[in-house]
Amino acid sequence: VPQVQPRAEELSELYRELSQHPGLSTACLGPDLTTQYGGKYCSLYTEWSQRDLARAENIKFCRQYLIFHDGASIVYSGPAGTCSEIKDELLSRESPSGMLKAVLRKVPGKEKEKEKQFLEVWDQNRKVKSIDLTALDKHGSVYDDDQFGCLAWSHSETHLLYVAEKKRPKAESFFESKAPELGTSDEDTGHPKKEDAPVKGEKFVYHEDWGETLSTRSVPVLCVLDIEGNSISVLEGIPEHLSPGQAFWSPEDTGVVFVGWWHEPFRLGLRHCTNRRSALFYVDLTGGRCELLSEDTRAVWSPRLSPDGCRIIYLENNVLGPHQQCSRLRMYDWYTKHTSTVLEAVPRQAWGAFPGIYCGALPGMCWAADSRRILLDTAQRSQQDVFVVDTVTGTTTSLTADAPQGSWSVLTIDRDLLVARFSTPSCPPMLKVAVLPAAGHEAQTQWICLQDAPPVPGITWGIRTLQPPPEQEHPQYGGLDFDAILMRPSEGPTAQKPPLIVMPHGGPHSVFMAGWMLYPAALCRVGFAVLLVNYRGSLGFGQDNVASLPGNVGTQDVRDVQLCVERVLQEETLDASRVALVGGSHGGFLACHLIGQFPDTYHACVVRNPVVNIASMVATTDIPDWCLTETGLPYKPDALPDPAQWTEMLHKSPVRYVDQVRAPVLLMLGEDDRRVPPKQGLEYYCALKARGVPTRLLWYPGNNHALAGVEAEADGFMNMALWLLKHLQ
């Protein structure tokens, strides 16, 4: 059997090379300009992110392009200048005319001062405003996340809207006493001002937060900067039981439209949870009146205003249940106040028909110039495609059906110039542009590559579909199938008969799309075949597929992965004596199940922040509803622990099979993980050690559930690859 034993230096060189491929994050089109010969052109500003291993951080850089077009097609496009790194920008947004740009910037404090935040306004030639938000002290830190955060220009370009943490009164213990600080006394009485006087006994009060990656987010407020007057106001009138975010100016700038999340009786984790009760609201700037615009018993997000200011499109899910679902597309008419459903959830995916909407957000700019069509990207089984939706008729057309297969996503559309990102498992992200054809002709979209990324050599890939055997069919949702993406090394000593790494995804309601993924590509280059399994319950296959899994975790998903592995080992030339598992979160849950339920198949295992014991997780996670929902139990915020429910959770957990485990296990845990707290992995580590199973634990401080810190990600890859090479000898 050909052996692969690249030394650590070779592995680190390979990782260094592949991790340098940048990711494309945002794109913004400038205003149309006319040449002296009558031709039209515009600039395209793009932002990319890249791992800098030497600095152990993700860096951002920008690059500009020029696009010459005649309104129907792109005449010429190409880069303008080289890349330049962007430092300390938290948010940035071009004004509607494209003549101004707003930037939220962090500035390191001098000596012992805390970091500051500045809001800047730039015109075409210079910085025209720089406002020290920290010094103004009207609110806490500005939110730069994509859950609540926004930076929105008024249509008049005179005001900016953003979300920040509500200002907390200074607090001290009952026995602290300090001389009043200079400059805080009231001019009339000489006594300290009331708002500056610290509140006694509030120093250690607990403030709820919004969980994983949002632990500094507690009480968001909407804030408006008057650019001319240099003044900031915090909007009044938002009900106490709501946390506002994703805000924008209403037509005519009379008020603000926002998503409000209910936070009573207590906050649950919000990241990746598109099932939290929320609604669309309008708050009037003059009277502070707050008005409900959508149903208040659903979960809504991603509201987008049409260019003519008449319609708001948004996504909607049911409350509770699976964290990710097939979503509805809804539309609110600003003038008739009528809400319609543009697209319903799709029960089953079928080729040639719209697969359903499975996306974390709509593109920031998604409307066509006609204010009738919108663009979105969505999972279609194991690939991602771009669709145009007619919001009046509900008809959908794929813009990527005839384009190369892989992962397509919309970055922006402006004046019907369309900017997208495309990648495959063997090709890093590239930048594509097109002109959106007139209604009815969208299938003729011509994509032009503006920034190429050469394919990574030595990797072949394909998608295969699997049908569960009759005895493993779901009693209610029969006839479901699922996919897997198989990547193989096409060169090197193991190319003929490579060992196999099996990777189920986390979620469980997420999906591996046929796009660029660093770990699988790197493992393939090391000499492993990699099997990415989209078991039943994955997104992109219809809502029935999603609904089939809750209540069947630990059985249906485990059997799907095992069926896939056995089928691939039968049909492909792979080394069945060298098969290993790699998985994170619910993928780690499945990996731990598989090495316990099928100990003869697997010879090594690597898990990242795995769910090991649902019963012990329910009391410590930021998403206790997940533990009950996926076990098949109803979630109620006021429910007390129930022995029968705990038994059911334990029964579905991989820790139950730990006595059968023989494969050596490498665990990687994020110290700050709120989603699957590291106690889960420690529980498994202790159980394995007590049974004499070879195990090793890596503990990453400053890392949360994703283990996405540059240093942790790089160290994780090295340790994973060395562990797999060692134990698949």
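All values derive from a computational prediction rather than experimental measurement. (Residues numbered from 1 in each chain as written. Predicted model: local features only at pLDDT ≥ 70, side-chain atom pairs only at ≥ 80, totals over all residues. Heavy atoms only, no water.)

Asker: I keep staring at the overall build of the protein chain and nothing clicks. Help me out?
Answerer: Along the backbone of the protein chain there are 11 helices and 38 strands. A compact globule built from 729 residues would reach a C-alpha radius of gyration of about 27 Å, and the protein chain, at 27 Å, matches this within 12%. Along the first, second and third principal axes, the C-alpha atoms of the protein chain reach 85 × 75 × 50 Å. Buried positions account for 56% of the 729 residues belonging to the protein chain. Relative to all contacts within the protein chain whose residues are 6 or more apart in sequence, the contacts with residues 24 or more apart total 62%. Accessible area of the protein chain: about 31,100 Å², with a carbon and sulfur share of 52%. The centroid of the 68 positive side-chain charges in the protein chain is displaced by 3 Å from the centroid of its 88 negative side-chain charges. (Helix = DSSP H or I, 4+ residues; strand = E, 2+ residues; numbered from the N terminus. Rg over C-alpha atoms; globule rule 2.2 N^0.38 Å. Buried < 20%, exposed > 50% of the residue type's maximum accessible area, 1.4 Å probe, protein only. Contact = heavy atoms within 4.5 Å. Areas by Shrake-Rupley, 256 points an atom, 1.4 Å probe, with all protein chains shown as cover. Lys, Arg positive; Asp, Glu negative; His and termini not counted. Charge placed at Lys NZ, Arg CZ, Asp CG, Glu CD.)

Asker: Explain the sheet that holds strand S8 (residues 116-122) to me, please; I cannot follow it from the model alone.
Answerer: Backbone-to-backbone hydrogen bonds pair the strands of a sheet. The strands run either parallel or antiparallel. Judged by pairing direction, the sheet is antiparallel, and its 4 strands sit side by side in the order S6-S7-S8-S9 without closing on themselves. Each edge of the sheet is formed by a strand with only one pairing partner; in this case those strands are strand S6 (89-94) and strand S9 (127-132). Pairs of neighbouring strands in the sheet enclose a mean axial angle of 15°, with direction left out of account. (Pairing = 2+ DSSP bridges. Axes fitted to C-alpha atoms, helices over the stretch in contact; angles between N-to-C directions.)

Asker: Looking at this structure, how should I read the pattern of salt bridges?
Answerer: A pair can form between side chains of opposite charge whenever their charged atoms are brought close. Within this structure, the stated rule accounts for 48 salt bridges. Note that Lys652 is salt-bridged to Glu648, the shortest N-O span being 2.5 Å. Taking the relative accessible area as the measure of exposure, Lys652 reaches 10% and is therefore buried. Residues participating in the shared-partner salt-bridge network are Glu295, Arg298, Glu316, Arg328 and Arg330. (Salt bridge = Lys/Arg side-chain N within 4 Å of Asp/Glu carboxyl O.)

Asker: Sorry if this is basic, but what is going on with the sheet that holds strand S22 (residues 328-333) here?
Answerer: Taken in spatial order, the 4 strands make up an open sheet running S20-S21-S22-S23, and their pairing is antiparallel. The strands lining the two open edges of the sheet, one partner per strand, are strand S20 (299-305) and strand S23 (339-343). Across the sheet, the mean angle separating the axes of adjacent strands is 30° when strand polarity is ignored. In this sheet, S22 lies alongside strand S21 (residues 311-317) in antiparallel orientation, the contact comprising 6 bridges. Within S22, the residue paired with Ile313 across the bridge is Met331.

Asker: Even after reading the chapter, I still don't get helix H8 (residues 624-631), so can you show me in this structure?
Answerer: Note on helix geometry: an α-helix contains 3.6 residues per turn, so any two residues three or four positions apart are oriented the same way. Among the 8 residues that make up H8, 8 are buried, leaving the element largely enclosed by the rest of the structure. For H8, the set of buried residues is Pro624, Asp625, Trp626, Cys627, Leu628, Thr629, Glu630 and Thr631. Among the residues trailing H8, Gly632 stands out with phi positive, at a value near 95°.

Asker: Just to check I follow, could you spell out unusual backbone geometry for this structure?
Answerer: Trans is the common state for peptide bonds, and a negative phi is the common state for residues other than glycine. Cis geometry is found at the peptide bond from Glu264 to Pro265, where omega equals 0°. Although it is not a glycine, Leu320 adopts a positive phi angle of roughly 60°. Topologically, Leu320 is positioned in the loop between S21 and S22. At Leu707, a position not held by glycine, the phi torsion is positive, near 50°. Topologically, Leu707 is positioned in the loop between strand S38 (695-700) and helix H11 (710-727). A relative accessible area of 1% means that Leu707 is categorised as buried.

Asker: Please explain the side chain of Ser302 as it appears in this structure.
Answerer: Among the secondary structure elements, Ser302 is positioned in strand S20. There is a polar contact of 3.0 Å between the side chain of Ser302 and the backbone nitrogen of Leu362. Among all residues touching Ser302, those that are not within four sequence positions of it are Gln246, Ile313, Tyr314, Leu315, Gly360, Ala361 and Leu362. (Polar contact = N/O pair within 3.5 Å; in protein donor to acceptor, adjacent residues only side chain to side chain.)

Asker: Before we go on, may I ask you to explain the pairing of strand S35 (residues 579-584) in this structure?
Answerer: The side chains of a regular strand alternate between the sheet's two faces. Burial analysis of S35 places 5 of its 6 residues in the buried class, which makes it a mostly covered element. The pairing of S35 with strand S36 (residues 604-608) spans 5 bridges and is classified as parallel. Along S36, the bridge assignment pairs Ala580 with Ala604. As for the winding sense of the linkage, the β-α-β connection from S35 through helix H6 (residues 586-597) to S36 is right-handed. (Right-handed = clockwise from strand over helix to strand, strands pointing away.)

Asker: Where do I start with the nonpolar core in this structure?
Answerer: Side chains of a nonpolar character, in soluble globular proteins, are inclined to be buried together. Leu500, Val502, Leu531, Val565, Ile595, Val665 and Tyr684 are the most contacted members of the largest nonpolar core, which totals 57 residues. Here this core takes 7 residues from helix H5 (residues 556-571), the largest share from any one element. In terms of nonpolar packing, the next biggest core, distinct from the first, is built from 43 residues, Leu666, Leu698, Trp723 and Leu725 among them. (Core = buried A, V, L, I, M, F, W, Y, C linked by side-chain atoms within 4.5 Å.)

Asker: Any chance you could explain the UniProt feature "domain: Peptidase S9 prolyl oligopeptidase catalytic" (unreviewed entry) in the protein chain here in plain terms?
Answerer: The UniProt entry lists residues 522-729 under the feature "domain: Peptidase S9 prolyl oligopeptidase catalytic" (unreviewed entry), expressed in the numbering used here. Structurally, residues 522-729 is divided into 43% helix and 14% strand, and its ends, taken at the C-alpha atoms, are 19 Å apart. (UniProt positions renumbered as here; feature names shortened; annotations may be inferred.)

Asker: Sorry, what's going on with the environment of Leu633 here?
Answerer: By the element assignment, Leu633 lies in the loop between H8 and helix H9 (643-651). Taking the C-alpha atoms as reference, Leu633 lies 9.3 Å from Met649; in sequence the two are 16 residues apart. In this structure Leu633 touches Leu628, Gln645 and Met649, once residues within four positions along its chain are discounted.

Asker: Would you mind going over the packing of H5 against H6 with me for this structure?
Answerer: Between two packed helices, what matters for the description is the angle formed by their axes and the separation of those axes. For the pair H5 and H6, the least separation of the axes is 10 Å and the interaxial angle reads 70°. Taken together, H5 and H6 sit at an angle that is classed as roughly perpendicular. The residues of H6 that touch H5, namely those facing Asp557, Val558, Val561 and Gln562, are His586, Phe589, Leu590, His593, Leu594 and Gln597. The class makeup of the residues in the contact of H5 with H6 is 5 nonpolar, 4 polar and 1 charged. (Parallel < 35°, antiparallel > 145°, perpendicular 65-115°, else oblique. Nonpolar A, V, L, I, M, F, W, Y, C, P; charged D, E, K, R; others polar.)

Asker: Sorry if this is basic, but what is going on with the environment of Pro251 here?
Answerer: Relative to the helices and strands, Pro251 is located in the loop between strand S16 (242-249) and strand S17 (255-262). Its relative accessible area of 6% is what places Pro251 among the buried residues. It is 8.4 Å that separates the C-alpha atoms of Pro251 and Trp334, two residues lying 83 residues apart in sequence. Ignoring anything within four residues of it in the chain, the contact list for Pro251 reads His155, Leu305, Gly309, Trp334 and Tyr335.

Asker: What exactly am I supposed to notice about the side chain of Asp253 here?
Answerer: Tracing the sequence through the fold places Asp253 in the loop between S16 and S17. For Asp253, which is buried and forms no salt bridge, the nearest opposite charge comes from Arg93, at a distance of 14 Å. Residue contacts for Asp253: discarding those within four places in its chain leaves Ser154, His155, Ser156 and Leu285.

Asker: How do you make sense of the pairing of S6 when you look at a structure like this?
Answerer: In terms of strand pairing, S6 meets strand S7 (residues 101-107) through 5 bridges, oriented antiparallel. Opposite Glu89, over in S7, you have Arg105 as the bridge partner.

Asker: Whenever I open this one, H11 confuses me. Can you help?
Answerer: Helix length check: H11 (18 residues) gives 26 Å between terminal C-alpha atoms against 26 Å at 1.5 Å per residue, within 8%. When you tally the buried positions in H11, you get 13 out of 18 residues, the bulk of the element. (Expected span 1.5 Å × (residues − 1).)

Asker: Quick question: what am I supposed to make of the packing of aromatic side chains here?
Answerer: Two aromatic rings are characterised by how far apart their centres lie and by the angle between their planes. Using the criterion set out here, one finds 15 aromatic pairs in the structure. Between the aromatic rings of Tyr332 and Trp334, the centroid separation amounts to 6.3 Å while the plane-to-plane angle is 80°, which identifies the pairing as edge-to-face. A relative accessible area of 11% means that Trp334 is categorised as buried. Judged by centre distance (5.0 Å) and plane angle (90°), the ring pair of Phe354 and Phe387 falls under edge-to-face. Separated by 33 residues along the polypeptide, Phe354 in the loop between S23 and strand S24 (373-380) and Phe387 in strand S25 (residues 383-390) bring together distant segments of the chain. Aromatic ring contacts, followed pair by pair, group Tyr143, Phe148, Trp210 and Trp261 into a single cluster. The ring centre of Tyr45 lies 4.1 Å from the NZ or CZ of Lys101, which sits over that ring. Stacked on the ring of Tyr143, the Lys or Arg Arg217 has its end atom at 4.4 Å from the ring centre. (Phe/Tyr/Trp six-rings, centres within 6.5 Å; stacked < 30°, edge-to-face > 60°. Lys NZ or Arg CZ within 6 Å of the ring centre and 35° of its normal.)

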